[in-house]
Amino acid sequence: MTQPAVDLAPDFARLRDPDRDTAIREITTTIVALPSIRRHRLSNTEMSTREFVLVRVRLENGVEGIGEAAVLGGPRWAEESVESIKAVIDRYLAPGLIGCPAAQWAGIAARMGRAAIRNNAAKGALETAILDALTRTLELPLAALFGGALRDRVPVLWALASGDAEQELEEARAKLDRREHRDFKIKLGFATPEEDIARLTRLREGLPGMARLIVDANQGWSEADCRRHLPALRDLGVSLIEQPLPGDDYEGMARVAAQSPIPLMVDEAAFTHREIARAGAMGCGSVYSLKLVKSGGLMALAEAARVAEAAGMELYGGCLLEGSIGAAAHLAVFASLPRLPWGCEHFGPRMHRREIVRDPLLIEDFHLHLPTGPGLGVELDEDALAEFARSD
Ligand SMILES: [Mg+2]
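Residues take numbers from 1 onward in each chain, read along the sequence in its written order. With pLDDT at 70 or above as the cut-off, local features in this predicted model cover only qualifying residues; side-chain atom pairs require 80 or more to be listed or tallied, and sums for whole chains, interfaces and linings still use all residues.

As recorded in an unreviewed UniProt entry, the protein goes by Mandelate racemase and comes from Pukyongiella litopenaei. Note on the protein: under the UniProt heading Sequence similarities (unreviewed entry), the record states "Belongs to the mandelate racemase/muconate lactonizing enzyme family." As its UniProt record puts it under Cofactor (unreviewed entry), the protein is described as follows: "Mn(2+)". UniProt positions are given in the numbering used here, feature names are shortened, and annotations may be inferred rather than shown by experiment.

Novice: For the environment of Y92, give the residues involved together with the corresponding values.
Specialist: Structurally, the position occupied by Y92 is in helix α2 (residues 82–93). For Y92, a count of 14 C-beta atoms within 10 Å translates into the label partly exposed. Remark: the alpha-carbon pair of Y92 and H229, spanning 137 residues in sequence, is separated by 46 Å. This entry defines residue contacts through backbone-placed C-beta atoms, with two residues in contact when those atoms are within 7 Å. Once residues within four sequence positions are removed from consideration, Y92 is found in contact with A115 and A116. Only DSSP runs of H or I covering at least 4 residues are called helices, and only runs of E covering at least 2 are called strands; the numbering of each starts at the N terminus. Once C-beta atoms are placed from the backbone, each residue is buried if 20 or more other C-beta atoms lie within 10 Å of its own, exposed if 12 or fewer, and partly exposed for counts between those two.

Novice: Outline the sheet that holds strand β12 (residues 363–364), supporting the account with residue identities and numerical values.
Specialist: At least two DSSP bridges between two strands are needed for those strands to be called paired. Spatially, 3 strands are ordered β4-β13-β12 in an open sheet, and the strand pairing comes out antiparallel. The open sheet is flanked by β4 (153–155) and β12, the only strands paired with a single partner. Note that β4 and strand β13 (residues 367–369) share 3 bridges and pair antiparallel. In the sheet register, P155 faces β13, and the bridge partner there is H367.

Novice: A description of the pairing of strand β7 (residues 213–216) should follow, citing residues and the corresponding values.
Specialist: Where a strand is regular, its side chains alternate between the two sheet faces. A two-sided burial pattern is seen for β7, the buried positions comprising L213 and V215 on one face and I214 and D216 on the other. Strand direction decides the pairing type here: strand β6 (residues 184–187) and β7, joined by 4 bridges, are parallel. Bridge assignment links F184 to a residue of β7, and that residue is L213. Handedness of a crossover is defined as follows: orient the strands so they point away from the viewer, and if the path from the first strand over the helix to the second runs clockwise, the crossover is right-handed. The β-α-β motif built from β6, the intervening helix α6 (residues 193–206) and the parallel element β7 has right-handed crossover chirality. In this structure, β7 lies alongside strand β8 (residues 240–242), joined through 3 bridges in parallel fashion. Paired with V215 across the two strands is I241, which belongs to β8.

Printed below as a string of structure tokens:
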């Protein structure tokens, strides 16, 4: 008797010719400006509206993927601005990718590398959109490309960055009361170190429910500032100090780290794998902040995690205030990492009054929850996009 044929992979049936079906048909970019819930200050910038570039990639099979290219208030955190990102993708990256199969994403990354150096936010968003479209085609979550999710949620901190201690106390208490955040990152470097310490002291005293207290000077302190104020930070129970010195001062970071009782985190100092390896080997810090805008792609982000660990650094899930699209992209990698002892800082989805997705990511019980469903797991809200797309 003849056995009926067993269809082992019915979901793959429509992917009869992966290269043809996943060939990139169209790439479009849109600058989006979303209103924030409050102004956000860093040592060298501040903003109350967050702009980013939405990248949409459509494959020959009709499936669309999306990606988010983040900046912090213009070309100040790194070289890229929303205008440069859009121009680089439209003119230099997209034309060379039309017709390339999304199923061959290593080749796509190599093409982008040849078409433009750095421009990491542009490349990262474009690769995200391509991998989103590919995994939607395969009906797999994006995390499957990184080995699959090892966790369905990640601890998430909240950043206090208005500079006004009383406002920050009120904001943090609301987060604690709603059980959304108990770890806080305080932005320093836009007042004198003495004023920053006074503000930190007020926050520590006023927030007994706070768990981890992390500070980020965004390259705004000198080595002498660190020597003067590290004891006070230790006495305040600070868990982690992020990039106090300029990113290119590897020697200074190494000297501060060697003396510091508090771990230092490497952020702006290391974008490339070689920079990460060098920062670790020189002892510039014992924690590394992972960011898509530093790695220039999700595949490179997952690799960066391995390089950082091999160089002796623990992992921290960094952000550039991405909304739910960018946060979901990071989470696909973060969820697949064997170790992520510092959790993540993807509070961006809560920094906006409105988003351009129908299903913003969930923050509950002090964790950011991995979305479910194929690809990124978030869906565009076309009406909101039409409302917030920048017209000029
Ligand atoms: Mg930082």
